[in-house]
Amino acid sequence: MAAEGGEERGGGLEAVVRRGLLVLRERWMRGGREAAFAVSPHPELPGDAEEASPLQRLPIDVQLNIMSFLSPRDLCRLGSTSSYWRAAVQDSLLWRYFLLRDLPLWTSVDWKSLPEAEVFNKAFSEASDKALYDYMAVYKKSCPQGRRSLRSSRSRYGAVTSFLQSLVTQAEPRFAMFGPGLEELDDSLVQKMMTCPEILLVAGLPHRQIDGIGSGVSFQFNNSQKFNILTLYSATSVERRRARTEQAVTANKMFYQENSTEGSQQAIHYSVIDQVKKVCKVVDGFIYVANAEAHKKHDRQEERARILAMIDPALGPPNRPLLVLSCVSHIGVERIPCVYMAHQLQLNLLRQPWMVQDTVAATLDGLLNGIDWLLEEANCKNAQ
């Protein structure tokens, strides 16, 4: 299941996560010992009953309830204390609870770590739950901390290669940035990027031109690598200001719609205008700025259709990375979690690398994490 494009605030996926948390918590609170046994058998107590701690003598549902208040890291530490707790902390029911509880709080997700929708949609009463899914493995694979640890443990060879590549003069990578989050938010992401040298340094305006678009802006990342962003707006600045004042929707001049029929349903299909095609043919990747504010209405089906028009393989290499900045205006605005955003846009169906990163326009929180990933993916593709 991928959430429907037009659904708000995570659509069906959010409802499934909420329902799952309620079911699991209610099961523990009412002392559902038999239900817990059905999902994960109680680990055997030590042979000498006197060696069992008071905590080990508690009913399994009480133990699970207590462990549910621990952090995953503390739970793993508990598992290192004895063979009993090593088995206990791997309980599938417990890790499913952690997954459903924590995924709305994660700030990024990518093409390698997005949990499959079946993980959330499965009925909670199935006795074969543990056999079908290793929820502990899913959690470790999906959470940002786990992905960062895997990234930092890469071989030193990769670091040496990156250093050698930095000694060779290369054209700075170029990225096309577009999306409703550039135009609909109260705070301007682009303006903040241009005026915060302590976060992202503006390196200049290159001389190269693309007819009808311009040259873009060059930035410097971590005082070393330069990259260029070509910002594509759907309308002129005057039209955008008028639309914001009148709370109206402007016609998107970057795309034109082509109706197509898939089966018995009418599908939305867009193509890009000629000037944008020129951009798509020369860039090394794409940045889509999504409006992640929960109180706004979003048509994710239409957004997905426009993303597909930009990354059309006919306009360039099919494996160029896509960074989705899931953006809100400022801290404190209720946002759509990045995992929900990924499912709403059906990014799991894309064939190229992608990442969704929570971002705040007013402070640029999260932006550098996304740029870091994008540069690394683009450099990998260029090296190939």
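- As recorded in an unreviewed UniProt entry, the protein chain goes by FBX4 protein and comes from Onychorhynchus coronatus.

## Quick word on the overall build of the protein chain
So, step 1. When helices and strands are counted, the protein chain shows 17 helices and 10 strands.
So, step 2. Looking at the 384 residues of the protein chain, the share that counts as buried comes to 47%.
So, step 3. In the protein chain, of all internal contacts separated by at least 6 residues, the share reaching a separation of at least 24 is 71%.
So, step 4. Total accessible area computed for the protein chain in this model is approximately 19,600 Å², and 52% of it derives from carbon and sulfur atoms.

## A closer look at the pattern of salt bridges
So, step 1. Counted according to the given criterion, the structure contains six salt bridges.
So, step 2. A salt bridge links Glu293 to Lys296; its shortest N-O distance comes to 3.3 Å.
So, step 3. Using a relative accessible area of 2% as the deciding quantity, one classes Glu293 as buried.
So, step 4. We note a salt bridge from Glu303 to Arg300, for which the minimum N-O separation is 2.9 Å. With Glu303 and Arg300 both in helix α15 (residues 300-310) and three residues apart, the pair spans about one turn of that helix.

## Regarding the sheet that holds strand β4 (residues 217-221)
So, step 1. Strand order in the open sheet made by the eight strands is β1-β10-β9-β8-β2-β5-β4-β3, with mixed pairing throughout. Both outer strands of the open sheet, β1 (108-110) and β3 (201-204), are each paired with one neighbouring strand and no more. Averaged over all neighbouring strand pairs, the angle between strand axes comes to 30°, with direction disregarded.
So, step 2. Of the strand pairs in this sheet, β3 and β4 are connected by three bridges, and their pairing is antiparallel. Looking at the pairing, Gly204 lines up with Ser218 of β4.
So, step 3. Packed onto the sheet, α15 meets β2 (174-178), β8 (285-291) and β9 (322-328) and runs at close to 165° relative to β8.

## Thoughts on the pairing of β8
So, step 1. Most of β8 sits inside the fold, with seven of its seven residues counted as buried.
So, step 2. Side chains Gly285, Ile287, Val289 and Asn291 of β8 all project onto a buried face; the interleaved residues Phe286, Tyr288 and Ala290 project onto the opposite face, where all are buried too.
So, step 3. Of the strand pairs in this sheet, β2 and β8 are connected by four bridges, and their pairing is parallel. When the sheet's bridge partners are listed, Phe178 is paired in β8 with Tyr288.
So, step 4. Relative to β9, β8 is paired through six bridges, and the arrangement is parallel. In the strand pairing of β9, Tyr288 is matched with Val324.
So, step 5. Running through α15, the crossover from β8 to the neighbouring parallel element β9 is right-handed.

## Examining the pairing of β4
Residues in a regular strand point their side chains to alternate faces of the sheet.
So, step 1. Extensive coverage of β4 is indicated by the burial of five of its five residues.
So, step 2. Burial along β4 is two-sided: the face carrying Val217, Phe219 and Phe221 and the face carrying Ser218 and Gln220 are both buried.
So, step 3. Bridge analysis of β4 against strand β5 (residues 225-231) gives five bridges, and the strand direction is antiparallel. The residue bridging Phe219 from the neighbouring strand is Phe227, located in β5.
So, step 4. Counting the residues between successive antiparallel strands, the hairpin from β4 to β5 contains three residues, one of them, Asn222, with a positive phi of roughly 55°.

Quick notes on the rules
Residues numbered from 1 in each chain as written. Predicted model: local features only at pLDDT ≥ 70, side-chain atom pairs only at ≥ 80, totals over all residues. Heavy atoms only, no water. Helix = DSSP H or I, 4+ residues; strand = E, 2+ residues; numbered from the N terminus. Buried < 20%, exposed > 50% of the residue type's maximum accessible area, 1.4 Å probe, protein only. Contact = heavy atoms within 4.5 Å. Areas by Shrake-Rupley, 256 points an atom, 1.4 Å probe, with all protein chains shown as cover. Salt bridge = Lys/Arg side-chain N within 4 Å of Asp/Glu carboxyl O. Pairing = 2+ DSSP bridges. Axes fitted to C-alpha atoms, helices over the stretch in contact; angles between N-to-C directions. Right-handed = clockwise from strand over helix to strand, strands pointing away.

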